[in-house]
Amino acid sequence: MEYRESARTRLHWRHHLDRLRQYALWPVLFASCLAITASAMASGHTVLGFNISYFGLGIALFLLERRWPFERTWLSNDGQMVADFAHTALTKGAVQIWVVVSLVFGLGGGLTAGRYWPASWPMALQVTLALVAVEAGLYAAHRLSHEWPLMWPFHAVHHSVRRLWFWNTGRFHFVDTLIKIVFSMPLLLLVGAPSEVVNWVSAITAYIGMLTHCNLDLRCGALNYVFNTPELHRWHHSRLPEEGNRNYGENLMLWDLMFGTWFLPQRRPPLDIGINTPMADSFRGQLLQPFRDLARRRD
């Protein structure tokens, strides 16, 4: 009898510890990245701090996904690791090109804050305002990429993944990435947001993006009404339009809540994700396929 009671007690505590771990992982990982970024910015080593936190987050997720995966079958190799890495590298290049163009044409408010920007506000409020403003453009671009046939072929490259994990976070066609940048960043830059704010928005977007795609067993609770989380984004990758054409937010869910596209039913999201049309296996083929698809449509 005592042995059974002891076993039940251990199971009870294990259940509670598992639940605590599920709820704690997302905020702890995100807060750790923010803390490293803040320390690096304060010491004048922004780029170094971002690299440490970003790659550190990737390593942490790689290890945690194997310890507590949301879908164990998603741990299997899908043959797309090289293509995913190539897309990520090209996407980063597209972002860097945009930064250079912004500086050349004087769009980047990185030198001094413009008169339209509340530079006297605390940095936390400035970053929050910037995230809300940028998110409006990101939401519009993401929703259009699903609902406008001319944009979907480029976005379909991202949705063609058959599993979600931290590695395919950056699997976006470079045209898709450039469209998102054009929709989101110009307003922030034109009103003269300082470089620190732009850096914060860029870093937060990178951290949330990796966390959103992770194959990690976690729960986000009330955070699902504020941030884009894995619990929300797994539904976005559903093959069913009534499920996949939801949760368009990149960082915040504000605009999804306002426009009725927030979606989190009380059931397990689909394991079989992807698109219902063929996608090339190679990186080169994936780069060319959207252009070929659009050319066929014109014919």
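Our subject is the structure listed above.
A brief report on the enclosed structure follows. (Residues numbered from 1 in each chain as written. Predicted model: local features only at pLDDT ≥ 70, side-chain atom pairs only at ≥ 80, totals over all residues. Heavy atoms only, no water.)

**Digging into the overall build of the protein chain**
Scanning the protein chain for helices and strands turns up 11 helices and 0 strands. Reading the secondary structure of the protein chain in the N-to-C direction produces α-α-α-α-α-α-α-α-α-α-α. Going through the 299 residues of the protein chain one by one, you find that 46% of them count as buried. Sequence-distant contacts in the protein chain: of pairs separated by 6 or more residues, those separated by 24 or more amount to 75%. Total accessible area computed for the protein chain in this model is approximately 15600 Å², and 66% of it derives from carbon and sulfur atoms. (Helix = DSSP H or I, 4+ residues; strand = E, 2+ residues; numbered from the N terminus. Buried < 20%, exposed > 50% of the residue type's maximum accessible area, 1.4 Å probe, protein only. Contact = heavy atoms within 4.5 Å. Areas by Shrake-Rupley, 256 points an atom, 1.4 Å probe, with all protein chains shown as cover.)

**What to know about the packing of aromatic side chains**
Within this structure, the stated rule accounts for 18 aromatic pairs. An aromatic cluster is present here, built from Phe 62, Phe 85, Trp 165, Phe 166 and Trp 167 joined pairwise through their rings. The lysine or arginine in question, Arg 234, covers the ring of Phe 70, its NZ or CZ lying 3.8 Å from the ring centre. (Phe/Tyr/Trp six-rings, centres within 6.5 Å; stacked < 30°, edge-to-face > 60°. Lys NZ or Arg CZ within 6 Å of the ring centre and 35° of its normal.)

**Examining the side chain of His 146**
Looking at the secondary structure, you find His 146 in helix H4 (residues 123-147). Here His 236 takes part through its side chain, which lies 3.1 Å from a polar atom of the side chain of His 146. Once residues within four sequence positions are removed from consideration, His 146 is found in contact with Trp 152, His 155, His 159, His 236, Gly 244, Asn 245 and Tyr 248. (Polar contact = N/O pair within 3.5 Å; in protein donor to acceptor, adjacent residues only side chain to side chain.)

**Thoughts on the packing of helix H2 (residues 46-67) against helix H7 (residues 195-213)**
Between H2 and H7, the least distance of the axes is 10 Å, while the angle of their chain directions is 10 degrees. One finds that H2 runs roughly parallel with respect to H7. On H7, the residues touching Thr 46, Phe 50, Ser 53, Tyr 54, Leu 57, Gly 58 and Leu 61 of H2 are Asn 199, Ala 203, Ala 206, Tyr 207, Met 210 and Leu 211. (Axes fitted to C-alpha atoms, helices over the stretch in contact; angles between N-to-C directions. Parallel < 35°, antiparallel > 145°, perpendicular 65-115°, else oblique.)

**Quick notes on the nonpolar core**
Core analysis: the biggest nonpolar cluster contains 40 residues, and Phe 30, Leu 57, Leu 61, Leu 188 and Leu 216 have the highest contact counts within it. Of all the elements in the fold, those that place two or more residues in this core are helix H1 (2-42), H2, H4, helix H6 (174-190) and H7. Per element, the largest residue contribution to this core is 11 residues, and it comes from H7. Excluding residues within four positions of it along the chain, Phe 30 makes contact with Ile 204, Tyr 207, Ile 208, Leu 211 and Phe 227. Core analysis: the next-biggest nonpolar cluster, separate from the first, contains 6 residues, Ala 141, Met 151, Val 175 and Leu 294 among them. (Core = buried A, V, L, I, M, F, W, Y, C linked by side-chain atoms within 4.5 Å.)

**Describing the environment of Leu 216**
Note that Leu 216 resides in the loop between H7 and helix H8 (230-236). Residue Leu 216 is classed as buried on the basis of its relative accessible area, which comes to 0%. With 51 residues separating them in the primary sequence, Leu 216 and Trp 165 have C-alpha atoms 8.0 Å apart. Those residues in contact with Leu 216 that sit more than four places away from it in its chain are Leu 25, Leu 29, Leu 61, Leu 64, Glu 65, Trp 68, Phe 70 and Arg 234.

Any functional reading would require information that these geometric values do not contain.
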